[in-house]
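Residues per chain are reported as follows:
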Amino acid sequence: MALIDTLKDEQKLAMKAKDKLRLGTIRLALAAIKQREVDEQITLGDDDILAVLTKMVKQRRDSVAQYESAGRQDLADVESAEITVLEDFMPQPLTDDEVAQLIEAAITESGSAGMQDMGKVMGVLKPQIQGRADMGKVSGLVRAKLA
């Protein structure tokens, strides 16, 4: 089943269950997906939808950090709850060992010799780990391996 269909089905279930938080979060995700489709005049596939969801989770994590530093725990809790809902639609996260193995394989596959080849390595890695690991953290690990 396509990810967009799963989102729409979960939206219906949230409506029936009168789960306002889940319903609102799913509606935000569907709106973001639709906005990107309209802007780019394309139909998004599962990988593109996953990229949209990943971006939404990242934005909410940033918001949580800002709210907590400002002493607004009530708003941070709402954002955290939205992250939990969005993560339900994302693939299972990779362990640190799996990420390390994928980095090693990508370095070998791209024939990287140093920092100048970081773009090649990230190009190989991104489709494999999109939505399954924090790209910023992975980028730091790749940089450490190539240095």
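Residues numbered from 1 in each chain as written. Predicted model: local features only at pLDDT ≥ 70, side-chain atom pairs only at ≥ 80, totals over all residues. Heavy atoms only, no water.

How do you make sense of a positive patch on the surface when you look at a structure like this?
Taken together, the side chains of Lys8, Lys12, Lys16 and Lys34 present a region of like positive charge at the surface. Take the positive patch: its biggest share by element is three residues, from helix α1 (residues 3-17). Residue position: Lys16 is located in helix α1. (Patch = residues over 30% accessible without salt bridge, like charges linked within 9 Å, V, L, I, M, F, W, Y side chains within 5 Å. Areas by Shrake-Rupley, 256 points an atom, 1.4 Å probe, with all protein chains shown as cover. Salt bridge = Lys/Arg side-chain N within 4 Å of Asp/Glu carboxyl O. Lys, Arg positive; Asp, Glu negative; His and termini not counted. Charge placed at Lys NZ, Arg CZ, Asp CG, Glu CD. Helix = DSSP H or I, 4+ residues; strand = E, 2+ residues; numbered from the N terminus.)

Can you help me understand the domain arrangement of the protein chain in this one?
Interface size is commonly expressed as the accessible surface area that is lost when the partners come together. Each domain of the protein chain was delimited in the assignment, giving domain 1 (3-88) and domain 2 (96-146). Here domain 1 and domain 2 have C-alpha centroids that lie 27 Å from each other. (Domains from an automatic or database assignment.)

I'm lost on the packing of helix α2 (residues 20-40) against helix α3 (residues 46-69) in this one. Help?
A pair of packed helices is captured by two measures, namely the crossing angle of their axes and the spacing between those axes. Close contact between α2 and α3 brings their axes to 10 Å; oriented N to C, the two are set at 125°. Relative to α3, the element α2 lies oblique. Judged by the twist between their axes, the crossing of α2 over α3 is right-handed. Taking contact as the criterion, the partners of Leu28, Ala29, Ala32, Ile33 and Arg36 in α2 are, on α3, Asp48, Ile49, Ala51, Val52, Leu53, Met56 and Arg60. Partitioning the contact of α2 with α3 into residue classes produces nine nonpolar, no polar and three charged. (Axes fitted to C-alpha atoms, helices over the stretch in contact; angles between N-to-C directions. Parallel < 35°, antiparallel > 145°, perpendicular 65-115°, else oblique. Left-handed = near helix turned anticlockwise from the far one by under 90°. Contact = heavy atoms within 4.5 Å. Nonpolar A, V, L, I, M, F, W, Y, C, P; charged D, E, K, R; others polar.)

Just to check I follow, could you spell out the side chain of Gln11 for this structure?
As for its placement among the helices and strands, Gln11 is situated in helix α1. Beyond its immediate stretch of four places on either side in the chain, Gln11 contacts Leu23, Ile26, Arg27 and Leu30.

How do you make sense of unusual backbone geometry when you look at a structure like this?
Phi is mostly negative for residues that are not glycine, and the peptide bonds are mostly trans. Although it is not a glycine, Lys18 sits at a positive phi angle of roughly 55°. With respect to the secondary-structure elements, Lys18 resides in the loop between α1 and α2.

Could you clarify how one ought to interpret the side chain of Arg22 in this entry?
Structurally, Arg22 can be placed in helix α2. The contact partners of Arg22, leaving out residues within four places of it in the chain, are Glu10, Ala14, Val85, Asp88 and Phe89.

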